[in-house]
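# Structural overview for review
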Amino acid sequence: MTVVSTDRTLLTHRQRELAELQRRQGRAGLSPVDAAELGALHDALPETATGTDQVTRLLTRSLSLDLPIPEYYRYTCMHAYGWFLDLFPDDPVAGALLGLHTTLTDLLEVEREARDAGVRQECADERIKRLDDLLLTVRGTVVGPLFRAGIGDLVDRAALDPELARRTGLLAESSRFPRSGRPEEHVFLRSVQSCELLFFLLRRLAVEVVAAQEEFPARAATRLELAVTCARLLRGVFHMLLTLTPAGFMTFREATGAASAVQSLNYHAMEISIYGYDPRKEAVFDSIGHLGVLNSPEIRDHQPLSAALADTTDPRLSADWHELDRVLSKWRGAHYRFARTYLPADKPASGGTDGAAYVKRFIKKDACVAGADPFSGLPLLSGFLYH
């Protein structure tokens, strides 16, 4: 059962029908005819569509028949987040944190409405508590250079600004599409989407620190401190996800099909921007078409944060770098434990990997090779990535 709250003024009557059709039993429950019709509807609209047609494209892009979209991106609706971040060309960090707040708030509303409707899930009360804690941290996060107040102030401003309110509402609507009709899937999907935003934030902040550390050390220190906050939020999202039990995870896993985080550009690019290129992943990148760009000379030559700060004499940068590395190491360990606990050993992992064993191989970062050019990878590494 799917319980959602919807601002009915955001979508037309027809668009609400389109959304409800995809949510009723989840996208995996669509009949072949319905899926094809939704995909054809998207493909018939121009890429430059605006207004109502643009919203329809957002709601249906994942079902496109023409676009070669990897399964991971059909599942995670990252196109909706890319569209949302276009509103923040001058400060995508603030935009991504607002998108994170929107995503977690929407999950919290779904969880509370499910609880109030009597759709009980194991650990639901603890999940709601952890979501509340996460949102408090997001609201209190201070960003710059344009928004020097907390994200909470931007959230409050968005509620009063018609365009920002419309964008945040449409982001929630156009990304709330689980594959199954199982209530347990909501926490998983929203956690994956939140992690994607945090991967982008960590990567963006890492390249900003590297670019600024020599000429603008104070700015570099501020951005690195924010990166530490984002890493802690990443751990917090995972802590919240662990309220989903292995049995609950298995109720919808089959419906997610071949959607696998190993296909995530934001994740791999985040690790490259922080630790450097890992030659052990060369074959993985080559085998997954859209990841092949990560094997380019520009990405291999990029100087990561770890190399840029290896010999820093700035005590603030040194302390925050070690804290960032520590928190990310803890997160990778938690990711491995999740894979080991939640992925049955007798079932193949999605994405063509060997599941927990694959995750374990990349917990340590000693095999990463650091490039020497802090700017070579920026055209790719500084933007939000999806396919």
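Within each chain, residues carry numbers counting from 1 in the order of the written sequence. Where local features are concerned, this predicted model is filtered to residues with pLDDT of at least 70; where side-chain atom pairs are given and counted, the filter is 80 or more; whole-chain, interface and lining totals use all residues. As a rule here, side-chain values come from all non-hydrogen atoms in the structure, and water together with hydrogens is ignored.

### Topic: the overall build of the protein
Numbering of helices and strands runs from the N terminus, with a helix taken as a DSSP run of H or I at least four residues long and a strand as a DSSP run of E at least two residues long. Along the protein, the regular secondary structure elements total 19 helices and zero strands. Computation of the radius of gyration draws on C-alpha atoms alone. For the globule rule, the value is 2.2 Å times the number of residues to the power 0.38. For the protein, the C-alpha radius of gyration of 20 Å lies close to 21 Å, the compact-globule estimate for 387 residues. Counting every position in the protein, which comprises 387 residues, the buried fraction comes to 57%. As displayed, the protein offers around 16,200 Å² of accessible surface, 54% of which is attributable to carbon and sulfur atoms. We call a residue buried when its accessible area falls under 20% of the maximum for its residue type, exposed when it is over 50%, and partly exposed in between, using a 1.4 Å probe and counting protein chains only. Reported accessibility uses the Shrake-Rupley method at a 1.4 Å probe radius. Residues are deemed covered only where the shown protein chains occlude them.

### As for the nonpolar core
Of all hydrophobic cores here, the largest spans 115 residues; its most connected members are Leu-202, Leu-224, Leu-305 and Leu-324. A total of 17 residues in this core trace back to one element, the largest contributor, which is helix H10 (residues 185-212). Here the nonpolar core consists of buried residues drawn from Ala, Val, Leu, Ile, Met, Phe, Trp, Tyr and Cys, with membership extended through side-chain atoms lying within 4.5 Å.

### With respect to the pattern of salt bridges
Throughout this description, the term salt bridge denotes a Lys or Arg side-chain nitrogen within 4 Å of a carboxyl oxygen of Asp or Glu. Under the definition given, this model contains 28 salt bridges. Among the salt bridges present, the one from Arg-14 reaches Glu-17, with a minimum N-O distance of 3.4 Å. Taken together, the residues span about one helical turn, with Arg-14 and Glu-17 both in helix H1 (residues 13-23) at a distance of three residues. Across the pair Glu-323 and Arg-232 runs a salt bridge whose closest N-O atoms are separated by 3.0 Å. You can see Glu-323 sitting in helix H17 (residues 315-342) and its partner Arg-232 sitting in helix H11 (residues 217-241), a full 91 residues away along the chain. Under the relative-accessibility criterion, Glu-323 is labelled buried at 18%. Judged by its relative accessible area of 47%, Arg-232 is partly exposed. Three or more residues are tied together by salt bridges with common partners; here these are Arg-23, Asp-106, Glu-173, Arg-176 and Arg-190.

### So, H10
With 28 residues, H10 should cover 40 Å at 1.5 Å per step; its first-to-last C-alpha distance of 41 Å lies within 8% of that length. Taken across its 28 residues, H10 has 26 buried, putting it largely inside the fold. The span you would expect from a helix comes to 1.5 Å times its residue count less one.

### Thoughts on the packing of helix H5 (residues 78-85) against helix H9 (residues 162-175)
At a closest axis distance of 9 Å, the pairing of H5 and H9 adopts a crossing angle of 170°. Classed by the angle they form, the pair H5 and H9 counts as roughly antiparallel. Of the residues in H9, those in contact with Ala-80, Tyr-81, Trp-83 and Phe-84 of H5 are Arg-166, Arg-167, Thr-168, Leu-170, Leu-171, Ser-174 and Ser-175. Helix axes are fitted only over the stretch in contact, all axes being lines through C-alpha atoms; the angle between N-to-C directions runs from 0 to 180 degrees. Our angle categories are set so that under 35 degrees counts as roughly parallel, over 145 as roughly antiparallel, 65 to 115 as roughly perpendicular, and the remainder as oblique. We call two residues in contact whenever any of their non-hydrogen atoms come within 4.5 Å of each other.

### Observations concerning H17
Across its 28 residues, H17 extends 40 Å between first and last C-alpha, which sits within 8% of the 40 Å expected from 1.5 Å per residue. Taking the backbone nitrogen of Arg-316 as reference, a side-chain oxygen 2.9 Å away marks Asp-314 as the first, capping residue of H17. Whenever a nitrogen or oxygen atom comes within 3.5 Å of another N or O atom, the pair is scored as a polar contact, on the condition that within protein one atom can donate a hydrogen and the other can accept it, and that pairs from neighbouring residues in sequence are kept only if both atoms are in side chains.

### Considerations on a positive patch on the surface
Two distance rules govern patches: like charges are joined within 9 Å, and nonpolar side chains (Val, Leu, Ile, Met, Phe, Trp, Tyr) within 5 Å, applied only to residues with over 30% relative accessible area and no salt bridge. Neither His nor the chain termini are counted; the positive set is Lys and Arg, and the negative set is Asp and Glu. By convention, charge coordinates are those of NZ in Lys, CZ in Arg, CG in Asp, or CD in Glu. On the surface, Arg-235, Lys-330, Arg-337, Arg-340 and Lys-360 cluster together to form a positively charged patch. Per element, the largest residue contribution to the positive patch is three residues, and it comes from H17. With respect to the helices and strands, the residue Arg-340 is situated in helix H17.

### As for the packing of aromatic side chains
Here the aromatic set is Phe, Tyr and Trp, taking the six-membered ring for Trp, and pairing holds for ring centres within 6.5 Å; pairs whose planes are under 30 degrees apart are stacked, those over 60 apart are edge-to-face, and all others are tilted. Taken as a whole, this structure holds 18 aromatic pairs when the rule is applied. Arranged with centres 6.5 Å apart and planes meeting at 40°, the rings of Tyr-75 and Phe-188 form a pair that is tilted. Taken together, the residues Tyr-75 in helix H4 (residues 71-76) and Phe-188 in helix H10 connect sequence positions 113 residues apart. Assessed through its relative accessible area of 2%, Tyr-75 is described here as buried.

### With respect to the environment of Leu-305
Mapped onto the elements, Leu-305 comes out in helix H16 (residues 305-308). According to the relative accessible area criterion, Leu-305 is buried, its value standing at 1%. A sequence separation of 29 residues divides Leu-305 from Gly-276, and the C-alpha atoms of the two residues are 8.0 Å apart. Once residues within four sequence positions are removed from consideration, Leu-305 is found in contact with Ala-206, Val-209, Val-210, Leu-224, Ser-273, Ile-274, Trp-321 and Leu-324.

### Focus: the confidence of the model for the protein
On average, the protein scores 91 in pLDDT, and the residues at 70 or more come to 93%. A score between 0 and 100, pLDDT records how confident the predictor is in each residue. Low confidence marks residues 1-6, where pLDDT is under 50. Its contacts with residues over four positions away, or in another chain, come to 18 contacts.

### Thoughts on the environment of Pro-217
Within the secondary structure, Pro-217 is located in helix H11. Classification of Pro-217 by relative accessible area gives partly exposed; the value is 36%. When residues no more than four places from it in sequence are discounted, the contact partners of Pro-217 are Ala-212 and Asp-314.

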